[in-house]
Amino acid sequence: MTQAPTILVFDSGLGGLTVYREVTAARPDARFIYAADDAAFPYGGWTELALSERVVSVIGALIKQYEPDLVVIACNTASTLVLAELRRRFSIAFIGTVPAIKPACAASRSRLVSVLGTEATIAREYTRTLIRDYGEGCEITLVGARRLAPLAEAHLRGEPADPRIVAEEIAPCFVEQGGRRTDTVVLACTHFPLLLEALGAAAPWPVTFIDPARAIAHRVIDLLGPARPEPRQTARIHFTSGAAPAPRLSAALGAFGFALAPADA
Ligand code: DGL
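Residues numbered from 1 in each chain as written. Predicted model: local features only at pLDDT ≥ 70, side-chain atom pairs only at ≥ 80, totals over all residues. Heavy atoms only, no water.

Colleague: Help me out: how do you make sense of unusual backbone geometry in this one?
Modeller: Negative phi values dominate among residues other than glycine, just as trans dominates among peptide bonds. With an omega of 0°, the peptide bond running from phenylalanine 41 to proline 42 counts as cis. You can see proline 42 is positioned in the loop between strand E2 (31-36) and helix H2 (48-66). One non-glycine residue, glutamate 67, adopts positive backbone phi at about 45°. Counting through the fold element by element, glutamate 67 comes out in the loop between H2 and strand E3 (70-73). Backbone geometry at glutamate 136 places phi at a positive 45°, although glycine is not the residue there. (Helix = DSSP H or I, 4+ residues; strand = E, 2+ residues; numbered from the N terminus.)

Colleague: Before we go on, may I ask you to explain the site of the ligand in this structure?
Modeller: Taken together, 14 residues lie around the ligand, and Ser12, Tyr43, Asn76, Thr77 and His191 are the ones closest in. One of the backbone N or O atoms of asparagine 76 is found 2.8 Å from an oxygen atom in the ligand. In terms of residue class, the shell around the ligand is built from six nonpolar, seven polar and one charged. (Near = heavy atom within 4 Å. Polar contact = N/O pair within 3.5 Å; in protein donor to acceptor, adjacent residues only side chain to side chain. Nonpolar A, V, L, I, M, F, W, Y, C, P; charged D, E, K, R; others polar.)

Colleague: Looking at this model, I keep getting lost on the nonpolar core. Mind explaining?
Modeller: With 52 residues, the main nonpolar core has Ile7, Leu17, Tyr34, Leu116, Leu148, Leu199 and Phe258 as its most contacted residues. Take this core: its biggest share by element is five residues, from helix H7 (residues 148-156). Judged by nonpolar contacts, the second largest core, of 23 residues, contains Ala35, Ala40, Val56 and Cys75. (Core = buried A, V, L, I, M, F, W, Y, C linked by side-chain atoms within 4.5 Å. Buried < 20%, exposed > 50% of the residue type's maximum accessible area, 1.4 Å probe, protein only.)

That is the geometry; function is a separate question.
Shown next, in the form of C-alpha cells:
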C-alpha cells in the first residue's frame, strides 16, 4: 500500500469509539471514518434476521461511499451475527469485536468469569461456541444488560450514569460459590468501557474488566503493518440518521479527535 490506508470503524452508536481510540493510537497516520448507525440504535433489541440485513446494507453503502481498505466492526452485537456474512459479501478485510472469553479465562484465578453484553450478544450461538472452545474449564456466567448501552451514550452526552441502574445491571456478574468469587468480567459490548469508572464503583468487590480494544488495535497492525511517520489526518464521523450532534456531544467527540465541520455535523 503506497498511500496511508483508509480504516472504517463501525458501531450501532458511539460505543465503538472505545475501539476507535486504540486503533487511532496504533495507526495515527491512517485515514479514519467512524460510522455510527444511530438511526438503528440500539442493536441489542433487534431480531437476528432484521439486524443481519440492516448491517449488510449499511456496511455496503459505507464501503461504496468511503472505499476503505479495512473495516473494523466495533460492535459485539453485530460481529457475533454478521461477520461471516460480511466477509462473504465484500472482498475487503474485516476485523470484528467478539467477547474476549479466551483471555478472560486464561487470566482468571478463581475460574469464575462473567460475560457482560447486550441481551442479543449473550443469546448468540457465536458466544456459546466461544465458551465451548475457549472456556478452559471456567464457570462462565452470561449477563445480558439492556440499559447499559443507552446509559453509556447518555454519559457521553454529559448525563451522569445513574449508579443504581449500573449496580442493578451488573449485579448478576458477581457470583460467590464454594469460597470462590468472580474475579474477571468480560466487557462484551463496546459501549461498556465508556462506563468503566461507574462499573468499578458499582462492583461489590474488585474484579478485572476485560476490554478487547487494545487487542483489536494489534490485529489492525497485523493486517496493515505499523504506523508510518506521516502526519495525523482529520477523522470523519458519519451518523446514519444524518442528525447533527448536540453541542455537548460535539465537545465529547472533539476529545476523540473529530473536528466537526458543518458538512460532517
Ligand atoms: N456497542 C454494541 C456492542 O458492542 C451494541 C450496543 C447496542 O446497539 O445495543 O455490542
